[in-house]
Amino acid sequence: MKTAKIAIVAGLVAGMLAGTALAQDKSLNMIVIEGGDTTAMQAVVNAYEAANPGVTINLQPYPFAQFFQVAELRLRSGDAGIDLVYVDAPLLASYASRGFLSPIDAAIDTSSLVTSALEAGKYEGAQYALPINNSAQVLFYNKALFEAAGITAPDGLTAGETATQAEVDELAETKRWTWEQVADAARKLTVQEGGRTTTYGFSVEQFGELYQLQPFGESLGTDVIGPDGYTAKGYLDSEAWTKAATFWSDLYNAWGVSPRSLGYGEGAQLFGNGQLAMFAAGTWNIPILSETDVDFGVAPYPYFEGGKVLTPTGSWYVGVNAASANQAEAMDFAAYLTTNAEGTRIWFDSLQQLPTYKPLLDEISTDASFDAFPQNVFRLGVYDSLNTAKARPVTAAYGQLQDAFRTAFVDIANGVPVADALASAVQKFESAAARVAP
């Protein structure tokens, strides 16, 4: 990072937020996720730099699989070479509790942001990160594969049809499939030739990840960990989670309808190639799949019969590294990215992820440009974010929980008995959590 060529004048933060010019010739660094996120962030950066001559923001992208480890190491070491950092919502408590992030300047107006998303960026009552966007999961399905198998597809949103917000709300409330229906259809849709599976019936996008699978057990009535944030005994190994994990095991071992060990992006590739009939995944896949030849529909994220409808939620936030020497400039860009009409519009148009900026959500719900498919899928995201979304646990030991959970569910998919894998996860998490508990 370059050394500033001029000093920051006294009271810069207050002056900046009042609309005065930022100090010139500042170079900031931001670590981000490689791929589409970097492309979208660069578009926002370009617009910001055009409006703020002399301020340069350099993006440092890392692959998804490496990002968390890199962010942890660089923040923990007090690396002043980064000013802005992507923060995954459930890791906020861990970062803030260890002093990695600066509190967000109170002068930044956050009234335009969805309250639940804003709250998830707080730790012990203080705001430590601002939400860039939210997330919603849906069930993509290949219409041609359903038709070829003679199976009725889920009710959903499809090409050539329009849907108002009210119609999408009705779809989500009354026509949502259960996981039992998904499994039944998946068994009929899976095709094997010569002892090899050529078409899989179903897959999740994020294999073994807590974000994707948390609604499985919690839909059946039990949280993944206790309210203290450090107890898994009686929760992750409960009857509800045992049932959910058994279902997960059956997808791979008893029924063979799901491919094992998919890496990030590989599920979308299989679906786009016509080798996967159903795909539980984020709405961010819409522009990717729209470029394929697959005629697909989008249905609400499923739930277990007799259980509560819960859906994954939460996404990326932006935080300011406490070790940064460019606090004022970093805060200003964070505000532009998340609370500014121009910045949020550029991000949404570039990446097509569910916003947390309320004027954009209102536009999605009411503007006729979102009536047609696939734009109307965002209305399903609006419904779930307001009615069914369940945030991941707030705990300083979230990283330890995520690791223990991932290991257990990957092992289960590979044939390890459910009871053994869950018991091991409980022990692994509680042992690791004890080291960071207050």
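About the criteria used
Residues numbered from 1 in each chain as written. Predicted model: local features only at pLDDT ≥ 70, side-chain atom pairs only at ≥ 80, totals over all residues. Heavy atoms only, no water. Pairing = 2+ DSSP bridges. Helix = DSSP H or I, 4+ residues; strand = E, 2+ residues; numbered from the N terminus. Axes fitted to C-alpha atoms, helices over the stretch in contact; angles between N-to-C directions. Contact = heavy atoms within 4.5 Å. Nonpolar A, V, L, I, M, F, W, Y, C, P; charged D, E, K, R; others polar. Domains from an automatic or database assignment. Buried area = accessible area lost by both parts, 1.4 Å probe. Salt bridge = Lys/Arg side-chain N within 4 Å of Asp/Glu carboxyl O. Polar contact = N/O pair within 3.5 Å; in protein donor to acceptor, adjacent residues only side chain to side chain. Right-handed = clockwise from strand over helix to strand, strands pointing away. Core = buried A, V, L, I, M, F, W, Y, C linked by side-chain atoms within 4.5 Å. Buried < 20%, exposed > 50% of the residue type's maximum accessible area, 1.4 Å probe, protein only. Parallel < 35°, antiparallel > 145°, perpendicular 65-115°, else oblique.

Draft legend 1. Highlighting the sheet that holds strand 7 (residues 137-142). Read across the sheet, six strands follow the order 8-12-7-11-10-9 without closing on themselves; strand pairing throughout is mixed. On the outer flanks of this sheet lie strand 8 (157-158) and strand 9 (191-193), each paired with one strand and no other. Sheet analysis places strand 9 next to strand 10 (residues 196-204), joined by three bridges and oriented antiparallel. Residue pairing in the sheet places E193 in a bridge with R196 of strand 10.

Draft legend 2. Structural context of the packing of helix 13 (residues 327-339) against helix 14 (residues 341-351). The contact between helix 13 and helix 14 brings their axes to 5 Å, and the two run at 65 degrees. Contact with helix 13, carried on its side by Y336, L337, T338 and T339, involves A341, E342, G343, T344, I346 and W347 of helix 14 and no other residues of that element. Considered class by class, the residues forming the contact of helix 13 with helix 14 number five nonpolar, four polar and one charged.

Draft legend 3. Up close: the domain arrangement of the chain. In terms of domain boundaries, the chain breaks down into domain 1 (27-134 + 314-378) and domain 2 (137-313 + 396-434). The distance between the C-alpha centroids of domain 1 and domain 2 comes to 27 Å. The partner domain 2 presents 22 residues to the 20 residues of domain 1 that form the contact. For the pair domain 1 and domain 2, the summed buried surface comes to about 1,800 Å²; carbon and sulfur atoms form 65% of the total. The tally of links between domain 1 and domain 2 comes to zero salt bridges. Connecting domain 1 to domain 2 are three residue pairs in polar contact (both at pLDDT 80 or more). Those elements giving two or more residues to the side of domain 1 that touches domain 2 turn out to be helix 4 (92-97) and helix 16 (377-387). When residues of the side of domain 1 that touches domain 2 are assigned to their parent elements, the largest contribution, three residues, is made by helix 4.

Draft legend 4. A look at the pairing of strand 2 (residues 55-62). Bridge count for strand 1 (residues 26-33) against strand 2 is eight bridges, and the pairing is parallel. By the bridge assignment for strand 2, N29 is matched with N58. After leaving strand 1, the chain enters helix 2 (residues 36-51) and then returns to the sheet as strand 2, a path that is right-handed.

Draft legend 5. Summary view of the nonpolar core. Of all hydrophobic cores here, the largest spans 117 residues; its most connected members are M30, M41, Y86, F202, W248, M278 and F333. With eight residues, the single largest contributor to this core is helix 17 (residues 398-413). Inspection of this core shows a minimum of three residues originating in each of domain 1 (27-134 + 314-378) and domain 2 (137-313 + 396-434). If we skip the residues at most four places from it in the chain, Y86 touches M30, I31, V32, I33, D37, M41, F67, I132, W316, Y317 and W347. Counting 23 residues, the second largest nonpolar core, distinct from the first, contains F140, A163, I286 and V377.

Draft legend 6. Examining the side chain of T388 more closely. With respect to the helices and strands, T388 occurs in the loop between helix 16 and strand 15 (389-390). Classification of T388 by relative accessible area gives buried; the value is 6%. Polar side-chain contacts of T388 include one of 2.9 Å to the side chain of D384. For T388, the contacting residues outside a window of four places in its chain are R176, V309, L310, T311 and Y383.

Draft legend 7. Here's a closer look at the packing of helix 14 against helix 15 (residues 358-366). The N-to-C vectors of helix 14 and helix 15 enclose an angle of 50 degrees; their axes lie 10 Å apart at closest approach. Of the possible angle classes, the one that applies to helix 14 and helix 15 is oblique. Packed against helix 14, whose contacting residues are T344, R345 and F348, the element helix 15 presents L360, E363 and I364 at the interface. Among the residues forming the contact of helix 14 with helix 15, the class breakdown is three nonpolar, one polar and two charged.

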